Amino acid sequence: MARRLPAAVVGAIDRSKILGVRAGDGSDHRFIGIWAVVVNGRVFARSWTRKPGGWYGTFLDDPLGTIQVGQRRVRIRAVRARGERVRDAIERAYANKYPTPGSAKFVRGFRTARRRETTIEFVPR
């Protein structure tokens, strides 16, 4: 099993609505804001789009990157999450963390098969 991010970092991600992520080690990517959720002390995210050159595609090519929580930056490795039970738990976590009417479209959209396939876990390098 992969190591886990420090509890303080996981707690900060759980409390924040947006996680800064930079995909690729030494890439030209800038930090962008994504929705991330915590399930059983593990940090996950899904991509809304699968654009070439986007954060998800870049992680598939180069799994190393950095996340930013507040002022803290943490070097991470992106690992594809595969289990159906964990994917179901991630969907529940999205629904609980983003309950507003404006978020509903995205919470529903993250349940589609093509977006379930983009589930990434962030673990320390």
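Residues numbered from 1 in each chain as written. Predicted model: local features only at pLDDT ≥ 70, side-chain atom pairs only at ≥ 80, totals over all residues. Heavy atoms only, no water.

Asker: An account of the environment of R50 is needed here, citing residue identities and associated values.
Answerer: With respect to the helices and strands, R50 occurs in the loop between β4 (42–45) and α2 (55–61). Using a relative accessible area of 43% as the deciding quantity, one classes R50 as partly exposed. In this structure, the C-alpha to C-alpha distance between R50 and D25, residues 25 residues apart in sequence, is 19 Å. In terms of polar contacts, R50 uses its side chain to reach the side chain of E117, at 3.4 Å. (Helix = DSSP H or I, 4+ residues; strand = E, 2+ residues; numbered from the N terminus. Buried < 20%, exposed > 50% of the residue type's maximum accessible area, 1.4 Å probe, protein only. Polar contact = N/O pair within 3.5 Å; in protein donor to acceptor, adjacent residues only side chain to side chain.)

Asker: Residue-level account of the sheet that holds β4, with values.
Answerer: Sheet architecture is open: seven strands sit in the order β2-β1-β5-β6-β7-β4-β3, paired in antiparallel fashion. Every interior strand has two partners, whereas the edge strands, β2 (32–34) and β3 (36–39), have only one. Averaged over all adjacent pairs, the angle separating strand axes in this sheet is 40°, with direction ignored. Pairing between strand β1 (residues 19–23) and β2: three bridges, direction antiparallel. (Pairing = 2+ DSSP bridges. Axes fitted to C-alpha atoms, helices over the stretch in contact; angles between N-to-C directions.)

Purely geometric numbers; function is a separate question.
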